[in-house]
Each structure stands twice: as C-alpha cells, then as structure tokens.
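# Structure at a glance
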Amino acid sequence: WRDDLLVKMREMGAQAQGYLRKEIGGEAILARVRDALRLRTRILRQVAEITDDGEVRGRVERVGVVALLEAVARVRRDVRASVVDAGSETELHVRDGGLVSVTRTAQDGTLTRGEAALLPLLGLGSARFVVRAAAAPRESEAEAAAREGLLDVVARAARKIAALEESLTGKVLL
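A brief look at the structure comes next.

Conventions and cut-offs
- Residues numbered from 1 in each chain as written.
- Predicted model: local features only at pLDDT ≥ 70, side-chain atom pairs only at ≥ 80, totals over all residues.
- Heavy atoms only, no water.
- Helix = DSSP H or I, 4+ residues; strand = E, 2+ residues; numbered from the N terminus.
- Buried < 20%, exposed > 50% of the residue type's maximum accessible area, 1.4 Å probe, protein only.
- Contact = heavy atoms within 4.5 Å.
- Core = buried A, V, L, I, M, F, W, Y, C linked by side-chain atoms within 4.5 Å.
- Patch = residues over 30% accessible without salt bridge, like charges linked within 9 Å, V, L, I, M, F, W, Y side chains within 5 Å.
- Areas by Shrake-Rupley, 256 points an atom, 1.4 Å probe, with all protein chains shown as cover.
- Salt bridge = Lys/Arg side-chain N within 4 Å of Asp/Glu carboxyl O.
- Polar contact = N/O pair within 3.5 Å; in protein donor to acceptor, adjacent residues only side chain to side chain.
- Pairing = 2+ DSSP bridges.
- Axes fitted to C-alpha atoms, helices over the stretch in contact; angles between N-to-C directions.
- Parallel < 35°, antiparallel > 145°, perpendicular 65-115°, else oblique.
- Left-handed = near helix turned anticlockwise from the far one by under 90°.
- Nonpolar A, V, L, I, M, F, W, Y, C, P; charged D, E, K, R; others polar.
- Arc of directions from axis to C-beta.

## A few points about the overall build of the protein
Of the regular secondary structure elements, the protein holds 7 helices and 7 strands. Start at the N end of the protein and walk to the C end: the helices and strands fall as α-α-β-α-α-β-β-β-β-α-β-α-β-α. Within the protein, the fraction of its 174 residues that count as buried is 31%. Within the protein, contacts between residues at least 6 apart in sequence are counted, and of these 57% link residues at least 24 apart.

## Considerations on the nonpolar core
Core analysis: the biggest nonpolar cluster contains 34 residues, and Leu69, Val72, Leu92, Phe129, Val131 and Leu150 have the highest contact counts within it. Residue contributions to this core peak at 7 residues, all from helix 4 (residues 65-74). Discounting residues that sit within four places of it in the chain, Phe129 has contacts with Ile43, Val56, Arg57, Gly58, Arg59, Val60, Val63, Leu68, Ser82 and Val83.

## A few points about a nonpolar patch on the surface
A cluster of nonpolar residues, Ile29, Val33 and Leu37, forms a patch on the protein surface that exposes about 230 Å² of accessible area. Mapping Val33 onto the fold places it in helix 2 (residues 26-48). Here Val33 falls in the partly exposed class, since its relative accessible area comes to 42%.

## Section: the environment of Asp85
Assignment of secondary structure puts Asp85 in the loop between strand 2 (78-84) and strand 3 (88-95). Here the alpha-carbon distance between Asp85 and Ala106, two residues 21 residues apart in the chain, equals 9.7 Å. When residues no more than four places from it in sequence are discounted, the contact partners of Asp85 are Leu124, Ser126 and Ala127. Among the polar contacts listed, one links the side chain of Asp85 to the backbone nitrogen of Gly87, at a separation of 2.9 Å. Within polar-contact distance, the side chain of Asp85 engages the backbone nitrogen of Ser88 at 2.6 Å.

## Considering the pairing of strand 6 (residues 128-133)
In the sheet, strand 1 (residues 55-59) pairs with strand 6 via 5 bridges, with the strands oriented antiparallel. Pairing of Gly58 across the sheet is with Phe129, part of strand 6. One ladder, built from 6 bridges, connects strand 2 with strand 6; its direction is antiparallel. For Val79, the partnering residue across the bridge sits in strand 6 and is Ala133.

## Re unusual backbone geometry
Both trends apply: most residues other than glycine have a negative phi, and most peptide bonds are in trans. Even without being a glycine, Asp96 presents a positive backbone phi close to 50°. Residue position: Asp96 is located in the loop between strand 3 and strand 4 (98-106). Residue classification places Asp96 among the partly exposed positions, given a relative accessible area of 41%.

## Details of the packing of helix 2 against helix 4
At a minimum axis separation of 8 Å, helix 2 and helix 4 run at an interaxial angle of 30°. Between helix 2 and helix 4, the angle falls in the class roughly parallel. Every pair of crossing elements has a handedness; the one defined by helix 2 and helix 4 is right-handed. Within the contact between the two elements, helix 2 uses Arg40, Leu44 and Val47 and helix 4 uses Ala67, Leu68, Ala71 and Val72. Looking at the contact of helix 2 with helix 4 residue by residue, the class counts come to 6 nonpolar, no polar and 1 charged.

## Notes on helix 5 (residues 115-122)
Each α-helix turn comprises 3.6 residues. Residues three or four places apart therefore point the same way. Among the residues making up helix 5, those that are buried are Glu115, Ala117, Leu118, Leu121 and Leu122. Relative to the axis of helix 5, the buried residues are bounded by an arc of 150° and lie together on one face. Those residues of helix 5 that are buried are in contact with helix 4, strand 2, strand 3, strand 4, strand 5 (111-113) and helix 7 (150-169).

What follows is the structure, encoded as structure tokens:
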C-alpha cells in the first residue's frame, strides 16, 4: 500500500519522495525538513559562488524554479542557465542580474523567445538544470540600459499566470 500511496501522490502532482507515518515525532519531522533544505541551500550557494570556469548541475525539483532564477539573478557576472524537461530546453542568458535573452526549444523544433519562453519554465515540476559562467562580450551603454532585470521579468510572468488561473477558477465563472 505504501507504493500505491506514493504513486497516487505523484499522479496528483505532489512530487512525493516519501511519506511520514502519523505517529512520527516532531524531531523526526524537523530532521527530514533539515535534510531537504540542506541540499537546496548547498546547490543555491554553488550557483551564487560560480567561478569563471565553473558549472553547477542539478534537478529543479530539489531547488525550485523561482529559487534557481533568483540565485542566477544574484550572480554578478555573465551566466548561462539551461533547463531541460521532458518536452523542451530553455536557455537563459543573464548579465549582472539582467535578463539578456530567453529561448525555449520544444521537442518539435519550435522556438519561443522572450517572456513567452519564460512562462512554461515557471510551471516546471521536474527538470534538469545547468548553470555556467560565460564570457561576456562588450556591450554598449544603450544595450545595458535596455536589459531588464531577471526578477522583474519573472514577477511579471508570475502575475500573468496568476491572472490566467484567476480567470479559469475565480468569481467570474460563478
């Protein structure tokens, strides 16, 4: 029955890795939470401290998409991040916390660029990622000024997703 429970939880999108019995004590729960957070913190610290020839690899479900993007935005250098899921690959180029480009390539070869490529990324539950430092080409002051902050783009995309969800489930339908 334990395996059935895990399968049902995964089917519901809960991303269950295990379960806790009802009788478990508070210390055991805290130990499990600490273990999960320790791995997440280690990966995010590695991203934040990436070196010129460094690379960080991991699984999105262990870190979270938004936390990964926030860590990438805090890196004050030229960084390229790649997120690969079952149906696509999304490439982000970030320079000094500003989003230079986002490109999503689907399995059928279709390309999506810009904010439209970022929206599906925010909904990922399971994917692999690679973050690596990249050599920064020189850019003009106008290009630097036109570059939008990654976190601003993520926030705007999240608002769009929330508005879409509200339009499908909100009071308007009642």
